[in-house]
Amino acid sequence: MSIIEHSEQLISQALLHPRSIALVGVSDDPGKTGGRPLQFLRRSRFAGKIYPINPNRDQVQGEQAWPSLSALPEVPEHVFILSSTDTVLPAVRECAELGVKQVTILATGFSESGEEGCQRERELRDFAQASGVRILGPSSLGVVNPHNGLVLTANAAFAEPDLPKGNLFVASHSGSMIGALVSRGKARGVGFAGLVSVGSEADLCVGEICQATLDDPTIAGYVLFLESLRHGDKLRAFAAEAARRGKPVIAYKLGRSNAAAEMAATHTGALAGEDDIADAFLKDLGVVRVEMLETLFEALPLAKRMPAPDSRAKRVGVVATTGGGAAMVVDQLGIRNVTVQPLSEATQRKLKEAQIPGSAGRVLDLTLAGTKYEVMKKALQIMLEAPEFDLVVAVVGSSARLQPELAVKPILEFTSADKPLAVMLVPDAPEALGTLTRAGIPCFRTPETCADAISSVFARRKLSTAAAAGSPQLAQAQALSEAQAYDVLDRLQVPHADYAIFPLNGQIPTLPFEYPVVAKLCSAEIPHKTEVGGVVLNIQDPAQLSRAFETLRTNLRQKAPQLVCEHVLVQPQLQGMAEVLIGYRVDPDAGPIVMLAAGGVWAEVLRDRSIRLAPVSVEGAREMIEEIRILKTVSGLRGKPKGDLEALAHAISKLSMLAQRPELKLREAEVNPMLLLAEGQGVLAVDALVMQSA
């Protein structure tokens, strides 16, 4: 057994399967937050030993209490610290001295409460790393394992009896959400194999906890409630391994409305906001990120049935007993850019030969005839065998509520179909919904959640080994000059325009290329040249070039006299079919990313962008190009001229390879604009900004 495997086994054992628990600071009042864990553990018939710790009482809730951890007859495997913030560090130190493996901390007052709290959390993290004791929290409401009665939580929602057992594992930054998710899962007939409130992740984090449970045979899938993307390396390792094992991961992450990241150095930093990066991070690792809370449970059966698709496998077929219900599903899928594929002539011919009634176009509307078992069964069989569909959705009308057994009977025939089948029930039909859920068939109560689940499952990408390359380089960075940036592009084999460097105060040079040209101040101290008037365009001859040099000297003297600039970079003024931005940066949590966006003056106006973990393959870069709306104008549609999109894909991939070049110590690199030339003529960078770590 490797060290990593041994560590995971210890986490899983002490966190979810402890044989003994101590409750430090447990209250005598079971109605109080500090009194709930003891009450819940007894009610759930936890088989392990429970030691209440309260120095002020001989008994707690009618049970013997001990004055301290050191007074116990044995060292507990798991200690839940329920006492106040000021007692946490001394209690953790005592745990370490005794050899306690796992500590959970309920108290708040750490990183969320200002600099003093941040300092407390740093002390806690440093102590955990030095001592080896594992800490869940602070601000953790605890951990629950329904299979062994471990209801070690202060969450009041767990006062409700009959905790549903199942195969779903939940990890949440929000402690209150584990109770909310249990109630929602219970309403849907979903059971749980574990729930963990991770809190502030001072030590144990979502990724590390989930990875430690991957070998648990009772766990078939994961639900994550994320407030941010912290400890990205651990989350990355877990998600990659879960994808390899076929255990789906569904995530709901807050932060879609956040403003772009405050990164002034490059457009890449401004455009690739925290949530944009988190979105790319999750999708690149095969995680299904949903937009709606209810979809967390509804998406899981579909994710189990459907592997991460390639860029072409996103075609949905719809068969319905109600035209209105089908229209709602089609509408919601369309909003999310999911194609509802019309039935092919071959499929329509098979339906006709099978004497299936109804109309076939964008959807197969069986009308009331679809309520008949043989009609729906045969229609589903033909649709599921049709090559034009990657997924089939059956929309069932009133019969789902009025005759639930008859409505779902033909659908249950296809639980083992090669192609995924999903069901949207138009009426409120709990009996039909429960039957389908127990059979493992993806089923939905609303067209919105149906479309959210389908689009989210389609949006995840195949796990790429390249996505795990690279490591964050977060030291203070400084800009290189534009000429130095072009040297970096040369090392990566990213094409750029010709250029020449001349002294700012020297004689007007003879150029090695034709006019018209552009003249730019060239200094590492001036990363944003336009802000100081450091760019002169459309220079037609030597006389204008002379005046341009004088303009640059004047602007530098007037607008930035404190900055040092001794050189001017001159390059041909070129024009392409389109301008794009290609950016690379190292995110502190997600690691290296690459971004493609509308370039030039449109970069921050349109916010038309695509993001991936870096490095990306040429195929991955092609997918990024397909996501940029402005590039549709140069894709050859309707006989229009086509740009060299293949050359662009290669340039994106090459720049992204910075993720595999740590020796260059580059934190950010951006080409803006990159000129897209006509097909067969390539691409050319005409400006570049590179930030290098010290």
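Numbering of residues starts from 1 in each chain and follows the order in which that chain's sequence is written. Totals for whole chains, interfaces and linings use every residue, but because this is a predicted model, local features are given only for residues with pLDDT of at least 70 and side-chain atom pairs only at 80 or more, for both listing and counting. Side-chain numbers here rest on the full set of heavy atoms in the structure, without hydrogens or water.

> Before we go on, may I ask you to explain the overall build of the chain in this structure?
Numbered from the N terminus, helices here are DSSP runs of H or I no shorter than four residues, and strands are runs of E no shorter than two. From N to C terminus, the chain includes 22 helices and 32 strands. Seen through its principal axes, the chain has C-alpha atoms that stretch 95 × 75 × 40 Å. Counting the 694 residues in the chain, one finds 55% classified as buried. In the chain, 72% of the contacts between residues at least 6 apart in sequence involve partners at least 24 apart. The protein chains shown are the only cover counted for residues, whose accessible areas, like all others here, come from Shrake-Rupley with a 1.4 Å probe. As displayed, the chain has an accessible area near 29100 Å², and 50% of this comes from carbon and sulfur atoms. Whether a residue is buried, partly exposed or exposed follows from its accessible area with a 1.4 Å probe, protein chains only, as a fraction of its type maximum: under 20%, in between, or over 50%, in that order. Throughout, a residue-residue contact means that at least one pair of heavy atoms, one from each residue, lies within 4.5 Å.

> Which parts of the structure should I look at to understand the sheet that holds strand E6 (residues 102-105)?
Picture the strands of a sheet paired through backbone hydrogen bonds; they go either parallel or antiparallel. Strands are labelled as partners when DSSP assigns at least two bridges between them. Reading across from one edge, E2-E1-E5-E6-E7 is the order of the five strands in this open sheet, with parallel pairing throughout. Only two strands of the sheet have a single neighbouring strand rather than two, namely strand E2 (49-53) and strand E7 (134-136). Each adjacent strand pair in this sheet contributes to an overall mean axis angle of 20°, direction not counted. Relative to E2, strand E1 (residues 20-24) is paired through five bridges, and the arrangement is parallel. Across the sheet, Ile21 pairs through a bridge with Ile50, a residue of E2. What counts as an axis is a line fitted to C-alpha atoms, over the stretch in contact for a helix, and the angles between N-to-C directions run from 0 to 180 degrees.

> Just to check I follow, could you spell out the pattern of salt bridges for this structure?
For side chains bearing opposite charge, pairing can occur when the charged atoms are close. Salt bridges are counted wherever a side-chain nitrogen of Lys or Arg sits within 4 Å of a carboxyl oxygen of Asp or Glu. Summed over the entire model, instances satisfying the criterion amount to 36 salt bridges. Note that Arg622 and Glu619 form a salt bridge whose closest N and O atoms lie 2.9 Å from each other. Within this pair, Arg622 and its partner Glu619 are both found in helix H21 (residues 618-626), separated by three residues, close to a single helical turn. Take Glu619: its relative accessible area is 38%, and that puts it in the partly exposed class. The closest approach of N and O atoms between Arg622 and Glu646, which form a salt bridge, is 2.6 Å. Taken as a pair, Arg622 in helix H21 and Glu646 in helix H22 (residues 645-656) lie far apart in primary sequence, 24 residues in all. Taken together, the shared-partner salt bridges connect Lys253, Asp275, Asp279, Lys283 and Arg289 into one network.

> I would appreciate a short explanation of the nonpolar core in the present structure.
Core analysis: the largest hydrophobic core is formed by 57 residues, its most contacted members being Leu23, Phe169, Leu224, Leu235 and Phe238. When residues of this core are assigned to their parent elements, the largest contribution, five residues, is made by helix H9 (residues 274-284). Apart from the residues within four sequence positions on either side, Phe238 is in contact with Gly207, Cys210, Gln211, Leu214, Tyr222, Leu224 and Val249. Think of a nonpolar core as a cluster: buried Ala, Val, Leu, Ile, Met, Phe, Trp, Tyr and Cys residues, connected wherever their side-chain atoms sit within 4.5 Å.

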